[in-house]
Amino acid sequence: MELKAEELRLVAIRRRATQLAVALVTEPFSADTHEQLQSYVERDADEAQVLVREVLALPPARLRERIAELTRSKTVQGEVTA
């Protein structure tokens with residue numbers, strides 16, 4: 001099962017957002033956390049909103065079908081990067 005380019009991008013953005021969230025809790029005042037936050041806002045936040053809206057705009061049946069396809073998939077293609 002291959003992930004579509006948009007799905008890969010959304011997964012990569014979500015991974016970075018999760019890493020940022022952890023950094024905000026564990027090291028909220030570090031320069032690295034500040035850089036991560038700026039990068040996320042400048043590079044990922046707007047695109048993530050667009051991608052999520054596209055996913056949520058799918059008809060419910062198609063969305064459930066795609067989730068089932070991805071859940072059934074036993075192979076994950078490499079590391080997700082963007």
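Heads up: these notes are all about the structure in this document. (Residues numbered from 1 in each chain as written. Predicted model: local features only at pLDDT ≥ 70, side-chain atom pairs only at ≥ 80, totals over all residues. Heavy atoms only, no water.)

Moving on: the overall build of the protein chain. The helix and strand tally for the protein chain stands at 3 helices and 0 strands. Its helices and strands in sequence order give the protein chain the pattern α-α-α, from N to C terminus. The buried share of the protein chain, reckoned over its 82 residues, is 18%. Here the analysis covers contacts within the protein chain between residues at least 6 apart in sequence; of these, 74% occur between residues at least 24 apart. Counting every atom, the protein chain has about 6300 Å² of accessible surface; 60% of that belongs to carbon and sulfur. (Helix = DSSP H or I, 4+ residues; strand = E, 2+ residues; numbered from the N terminus. Buried < 20%, exposed > 50% of the residue type's maximum accessible area, 1.4 Å probe, protein only. Contact = heavy atoms within 4.5 Å. Areas by Shrake-Rupley, 256 points an atom, 1.4 Å probe, with all protein chains shown as cover.)

Mapped onto the elements, Glu7 comes out in helix α1 (residues 5–26). Note on Glu7: relative accessible area 17%, which makes it buried. Among residues more than four places away in sequence, those in contact with Glu7 are Arg66 and Leu70.

Another aspect to go through is the environment of Leu20. The residue Leu20 is located in helix α1 in this model. Sequence separation between Leu20 and Asp32 is 12 residues; the distance between their C-alpha atoms is 9.9 Å.

In this section: the packing of α1 against helix α2 (residues 31–56). The packing of two helices is summarised by the inter-axis angle and the distance between the axes. At a closest axis distance of 9 Å, the pairing of α1 and α2 adopts a crossing angle of 140°. Taken together, the axis directions place α1 and α2 in an arrangement best described as oblique. You can see that α1 and α2 cross each other, and the crossing is left-handed. Facing Glu6, Arg9, Leu10, Ile13, Arg16, Ala17, Gln19, Leu20, Ala23 and Leu24 of α1, the residues of α2 in contact are Thr33, Gln36, Leu37, Tyr40, Arg43, Asp44, Glu47, Ala48, Leu51, Val52, Glu54 and Val55. Partitioned by chemical class, the residues of the contact of α1 with α2 number 12 nonpolar, 3 polar and 7 charged. (Axes fitted to C-alpha atoms, helices over the stretch in contact; angles between N-to-C directions. Parallel < 35°, antiparallel > 145°, perpendicular 65-115°, else oblique. Left-handed = near helix turned anticlockwise from the far one by under 90°. Nonpolar A, V, L, I, M, F, W, Y, C, P; charged D, E, K, R; others polar.)

A cluster of nonpolar side chains, namely Val52, Val55, Leu56 and Leu58, defines an oily patch on the protein surface of about 300 Å² accessible area. Among the structural elements, Val55 can be located in helix α2. (Patch = residues over 30% accessible without salt bridge, like charges linked within 9 Å, V, L, I, M, F, W, Y side chains within 5 Å. Salt bridge = Lys/Arg side-chain N within 4 Å of Asp/Glu carboxyl O.)

Attention now moves to the pattern of salt bridges. This model, assessed by the stated rule, comprises 8 salt bridges. A salt bridge links Asp44 to Arg9; the shortest N-O distance between them is 3.0 Å. Of this pair, Asp44 sits in helix α2 while Arg9 sits in helix α1, and the two are 35 residues apart along the sequence. On the accessibility criterion, Asp44 (1% relative accessible area) is buried. We classify Arg9 as buried; its relative accessible area is 15%. Via salt bridges that share partners, Glu7, Arg62, Glu65, Arg66 and Glu69 belong to a single interconnected network.

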